[in-house]
Amino acid sequence: MAIGKFGARDAGPVSRRTLLRAGAGLAGGALLPSGLILPALAEDQPALGTWPDGSSGSSVFVGISVPRTGTYAAAGEDLIKGYELAIEHLNAGSEIMTKISPNIKKGVLGKEVKYGIADSEAKPNTAVQNLTKFISDNKAVMVTGSVSSAEAVADNKTADREKVIYLVGISGSNDTTGKDCVRYSFRECFYGQTAAKAIMPVLIKNLGKNKKVAYLTPDYTYGHTVQKSMEEFGNEGGWTKATDQVSPLGTTDFSSYLLNVANSGADVVVNINFGRDAVLSIKQAKQFGILDKMTLVVPYNTPFLAKEVGADTMQGVFAATDYWWTLEDTNPIAKMFNDAFRAKYQYSPEWSANLAYAQIAMWADALERAKSFYPPDVIKAYEAGAKVQSTVGEVFFRGADHQLVRPVVIERGKKPADMKTPEDFYDIVEVVPGEGLMQSPTEFGCKLGSYT
Amino acid sequence: MLSLPNFAAQAFNGLVLGALLALIASGLTIIYGTLGVLNLAHGAMFMVGGYAGVVAYQYSGSYLVAVAAGSLFVMALGLLMERVVIRHFYDRPPEDQILVTFGLGIVYVELVRLTFGSLSQSMPPPSWAAGITSLGFMIYPTYRLAVVGIVAVALLALYLVLYRSRLGMIVRAGIEDAVMVDSLGIDVYRVFMIVFGIGAMAAGFAGIVNVPIAPITPDVGESILVETFVVVVIGGVGSFPGAVLGGLIAGEILSLTSMVDPSYSQVMLFLVMTFVLVVRPRGLLGEQGRA
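Remember, it's a predicted structure, so these values are computed and weren't measured experimentally.

**Quick word on the overall build of chain B**
Part 1 of the argument: Each helix and strand in chain B was counted, giving 11 helices and two strands.
Part 2 of the argument: Against the compact-globule benchmark of 19 Å for 291 residues, chain B has a radius of gyration of 19 Å, which places it among compact chains.
Part 3 of the argument: By sequence separation, contacts in chain B at least 24 residues apart represent 77% of the contacts at least 6 residues apart.

**Notes on the interface of chain B and chain A**
Part 1 of the argument: Each partner contributes residues to the interface: chain B has 23 residues there, and chain A has 22 residues.
Part 2 of the argument: Put simply, the parts of the chain that give the side of chain B that touches chain A at least two residues each are α1 (4-35), β2 (139-141) and α10 (240-260) of chain B.
Part 3 of the argument: At five residues, α1 of chain B tops the list of elements feeding residues into the side of chain B that touches chain A.

**Comments concerning the sheet that holds strand β8 (residues 268-271) of chain A**
All names here are of chain A.
Part 1 of the argument: In space, the seven strands of this open sheet follow the order β7-β6-β8-β9-β10-β14-β15, with mixed pairing throughout. Looking along the sheet, the strands with just one partner apiece sit at the ends: β7 (240-247) and β15 (426-432). Ignoring strand direction, the axes of neighbouring strands in this sheet form an average angle of 20°.
Part 2 of the argument: The sheet contact formed by strand β6 (residues 212-218) and β8 spans four bridges and is parallel. Paired with Val213 across the strands is Val268, a residue of β8.
Part 3 of the argument: On the sheet, helix α10 (residues 255-262) packs against β6, β7 and β8 and is oriented at approximately 175° with respect to β7.

**Considerations on the sheet that holds strand β4 (residues 165-167) of chain A**
Residue and element names in this part refer to chain A.
Part 1 of the argument: Judged by pairing direction, the sheet is parallel, and its five strands sit side by side in the order β2-β1-β3-β4-β5 without closing on themselves. In this open sheet, the two strands that pair with only one neighbour each are β2 (112-119) and β5 (185-186).
Part 2 of the argument: The sheet contact formed by strand β3 (residues 142-144) and β4 spans three bridges and is parallel. Bridging across to β4, Val143 finds its partner in Tyr166.
Part 3 of the argument: Helix α4 (residues 73-92) rests against β1 (59-66) and β2 of the sheet, and its axis sits at about 170° to β2.

**So, the pairing of strand β14 (residues 408-413) of chain A**
All names here are of chain A.
Part 1 of the argument: Summarising burial for β14: five of the six residues are buried, a large majority.
Part 2 of the argument: The sheet contact formed by strand β10 (residues 318-321) and β14 spans four bridges and is antiparallel. Among the inter-strand pairings, Phe318 is bridged to a residue of β14, identified as Arg412.
Part 3 of the argument: Pairing geometry for β14 and β15, over six bridges, is antiparallel. Bridge pairing in β15 links Gly413 to Tyr426.

**A few points about the confidence of the model for chain A**
Residue and element names in this part refer to chain A.
Part 1 of the argument: Of the residues in chain A, 90% have a pLDDT of 70 or more, and the chain-wide mean is 90.
Part 2 of the argument: Note on residues 1-16: pLDDT is under 50 here. Beyond four places in sequence and across chains, it has 11 contacts.
Part 3 of the argument: The model gives residues 22-42 a pLDDT under 50, and that stretch makes four contacts with residues more than four places away or in other chains.

**Concerning unusual backbone geometry**
All names here are of chain A.
Part 1 of the argument: Note the cis peptide between Trp51 and Pro52, where omega equals 5°.
Part 2 of the argument: Position of Pro52 relative to the elements: it lies in the loop between α3 (34-43) and β1.
Part 3 of the argument: Of note in this structure, Lys163 is not a glycine but carries a positive phi near 60°.
Part 4 of the argument: In the Ramachandran plot, Asn210 falls in the positive-phi region, its phi being about 55° despite a non-glycine side chain.
Part 5 of the argument: Topologically, Asn210 is positioned in the loop between α8 (192-207) and β6.
Part 6 of the argument: Look at Asn210 and you get exposed, because 10 C-beta atoms sit within 10 Å.

So, how was this worked out
- Residues numbered from 1 in each chain as written.
- Chains lettered and ligands numbered in written order.
- Predicted model: local features only at pLDDT ≥ 70, side-chain atom pairs only at ≥ 80, totals over all residues.
- Helix = DSSP H or I, 4+ residues; strand = E, 2+ residues; numbered from the N terminus.
- Rg over C-alpha atoms; globule rule 2.2 N^0.38 Å.
- Contact = placed C-beta atoms within 7 Å.
- Pairing = 2+ DSSP bridges.
- Axes fitted to C-alpha atoms, helices over the stretch in contact; angles between N-to-C directions.
- Buried ≥ 20, exposed ≤ 12 C-beta atoms within 10 Å, placed from the backbone.
- pLDDT = per-residue confidence, 0-100.

Below, the structure is given as structure tokens:
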């Protein structure tokens, strides 16, 4: 072991190359004009990501990247509605924001929030381009949005590299706050492992033990991790896999997959598809007579699914979801949120809008507690695990993997005759508390990176 | 899921998938066989047919009006395209033809996206083919059964026009020796234009007939075009019976491979195409020296 400080940090002797590089850095620093160094020295922190440029004016910019085209467009549009309502409320300093957290004031740290929206097409490459553009052109202090876990994971990496905070949109893969977690990203929604652990006991209780299961799985990180988790927790009730039909994202004709399901001898169909894939696969399953023979289960419910496939098809179907609007019967914040949303958009919000709204509110809370836009300070405020009130009850972020500890809502499709309003599609069977559902932060290999 | 009932079900489903592929491929192969032009806008024209039909359906509420509108609109588009653009490319090298049709395809897709957005459009099956039918060994959506009949009628009509009519005779003569047909006082270019229109119409027809099975989006033509090419190559480039046979074979490959593992169905399709190209380069029913 040699040369003190450097050697200890690298746990090995310093190479000649490292020394040369360090020397060159020092020399370069000395050569910089003093004017460039002074502002940084004034706060004792060097510029990082879009800080301090992005927050030096009277407003800050937020970049929203969600799919507005393709399979996941409907959920993307709903997310946008949630973001827009939240930013409107934040800039107006409305009451519901202070109910969520008394820390939240008008704007964020006294600055107005402005935003831009870009279409990610649910493609990782496009999403990364959107984020990069928001960061370089608009000096975004925060970027947000996703409907596919594939884009969420790509966004995670971009945000971490650019040192700009990223709030995950919809992303159900275990990996987003598991092996692909990063220091700069935070996820609100539940994910495969929590969904499976929450819904499986309900399924085993209601449908019985020792069932044979056919899975319909979309072919990317979200589908595979949810399928694996469902299978794992199903084992506890003696549930076994009859078949796993893996289809590419954006499949329109599910006939070949559904015939395999029809002939698999399964009792239960677990449909993990999301967005339009979920809608089409369920509609076609009905056409192939599968839903008359097998019980449908949706472990990760798609926004607007019941509206699209109809209450007749969804009756009796168990689903896990982030939020359903009838939570307003017991939760006053949910009631306030629903009323505001309905006043603006003329329908009750789906969970995607709720997610977007909650993410913006919790971001504002973290900023006010950090009293700074400096990203490491904001991240540490998040990691402090402060509790906030939400539409689903008290929630907080886990410091170790940046996952929100939040309940999972288990719902069951109502009979059309029992629906009190045209939007009254589900009974809430159970609101399962989040803490007992979550694996230890290291179980899916999360290693958060550096703050700077 | 290897079992006898599943084999029967998948084999039957392959027939339905294959019927549609055969129809689309026949349009492509008619145009190539007659004019020597490889129309890479064919997939986009399939998509345009779907959209034109859906629009007509929204106004009329009638399936038949939708099918007629989808077919005729794309036929008109084909006639216009031949007259304005393609005609000037008959004597140009194949690369130019490929580029210009590919470009036109992109233009169609983006125009549709501009007009209708990217959300999918759909149309219910007609009332006489709604619901499900029990076939004994399987339950099957009635409309998908109807599609087999609809496509069979359409293919028969194409066959009669191409092989049993005066137009068909001129077309086939034009393929053999355009100069001779021309010197007999027949306007070969007019015939070519009509053939292009008929080929386009086949794509448009398939496009709208497919909408009740799978909702349509602006980019649906891309994957259809690829599968159609495989069908044409397997069946024999330029051969009408080859397109029908190739379509049915491709449908069965896709469906029967799905029985083992759906993710390999496309791979298997290309493997079979490669095998055909190696063993019989002109395709199963292609003629020696043509294409």
